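# Examination of the molecular architecture
Spelled out from the first residue to the last, the chains are:
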Amino acid sequence: PRTDLFPRDSWGIAGYSSPEAALVSAIWSMKEGNPRSYLDSLAPSEQQRIAQVWQNKSEGELAEKHKNDVASISGIRVVNREDVSPGEVVMNVLLEGPNRVERIRMNQVGQDWKFGGFIREQTTP
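### Points about the overall build of the protein chain
- Secondary structure summary: the protein chain contains 4 helices and 5 strands in total.
- When its helices and strands are written in sequence order, the protein chain yields β-α-α-α-α-β-β-β-β.
- Sorting the 125 residues of the protein chain into buried and exposed places 41% on the buried side.
- As displayed, the protein chain has an accessible area near 7300 Å², and 47% of this comes from carbon and sulfur atoms.
- For the protein chain, the separation between the mean place of its 15 positive charges and that of its 17 negative charges on side chains is 2 Å.

### Re the layout of surface pockets
- The volume enclosed by the largest pocket comes to roughly 490 Å³.
- If you trace the largest pocket, you find 25 residues lining it, with M30, Y38, D69, F115 and F118 closest to the centre.
- Among the secondary structure elements, those contributing two or more residues to the lining of the largest pocket are α1 (19-31), α3 (44-53), α4 (59-70), β3 (88-96), β4 (100-109) and β5 (112-118).
- Broken down by element, the residue count for the lining of the largest pocket peaks at 5 residues, all from α4.
- Classifying every residue of the lining of the largest pocket by side-chain character gives 17 nonpolar, 1 polar and 7 charged.

### Section: unusual backbone geometry
- Its identity as a non-glycine residue notwithstanding, N99 has a phi of 50°, on the positive side.
- Mapping N99 onto the fold places it in the loop between β3 and β4.

Basis of the calculations
Residues numbered from 1 in each chain as written. Predicted model: local features only at pLDDT ≥ 70, side-chain atom pairs only at ≥ 80, totals over all residues. Heavy atoms only, no water. Helix = DSSP H or I, 4+ residues; strand = E, 2+ residues; numbered from the N terminus. Buried < 20%, exposed > 50% of the residue type's maximum accessible area, 1.4 Å probe, protein only. Areas by Shrake-Rupley, 256 points an atom, 1.4 Å probe, with all protein chains shown as cover. Lys, Arg positive; Asp, Glu negative; His and termini not counted. Charge placed at Lys NZ, Arg CZ, Asp CG, Glu CD. 1 Å grid on protein atoms, 1.4 Å probe; cavity = no way out; pocket = protein on both sides within 12 Å on 5 of 7 lines; lining within 4 Å. Points joined across faces, edges and corners; volume = space filled by probe spheres on them. Nonpolar A, V, L, I, M, F, W, Y, C, P; charged D, E, K, R; others polar.

This is the structure we're talking about:
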C-alpha cells in the first residue's frame, strides 16, 4: 500500500518513480540545502521559472532560503490526488508544522515524475 504520510525524519532521495517519491525528493533537497538536487526534481517548465527567480542569487543564499522554507515542516501528508490528464497529477498536501494545505502539480517526464510547482489561486485585482 502506498504511504500518504512522510515524517521529516523519513525524507531522503526517494527517486522519481511516483508523484509522492518525487515530492519527497524535492523537499529533501530543500532540507539539505542542495539547490542543484532540487532543480533535478523539477519539471522542465518549473525549472525554467526557478532558474529566472534564482538568477542573481548564490548557491549559498539559495541553500539557506530552502532550509528556512522547510524548517518548520514536521511532515508532509498527501490528503488527496487527482489525475488531471495523462502524466499530470494534482495533489493536496498538508504541511504538518505550519498546518497549511498546498495544491501542487506533479508532471511525468519520460518515466519519471517531477515537481511541477505550487498551484496558486489566481486572484484578480
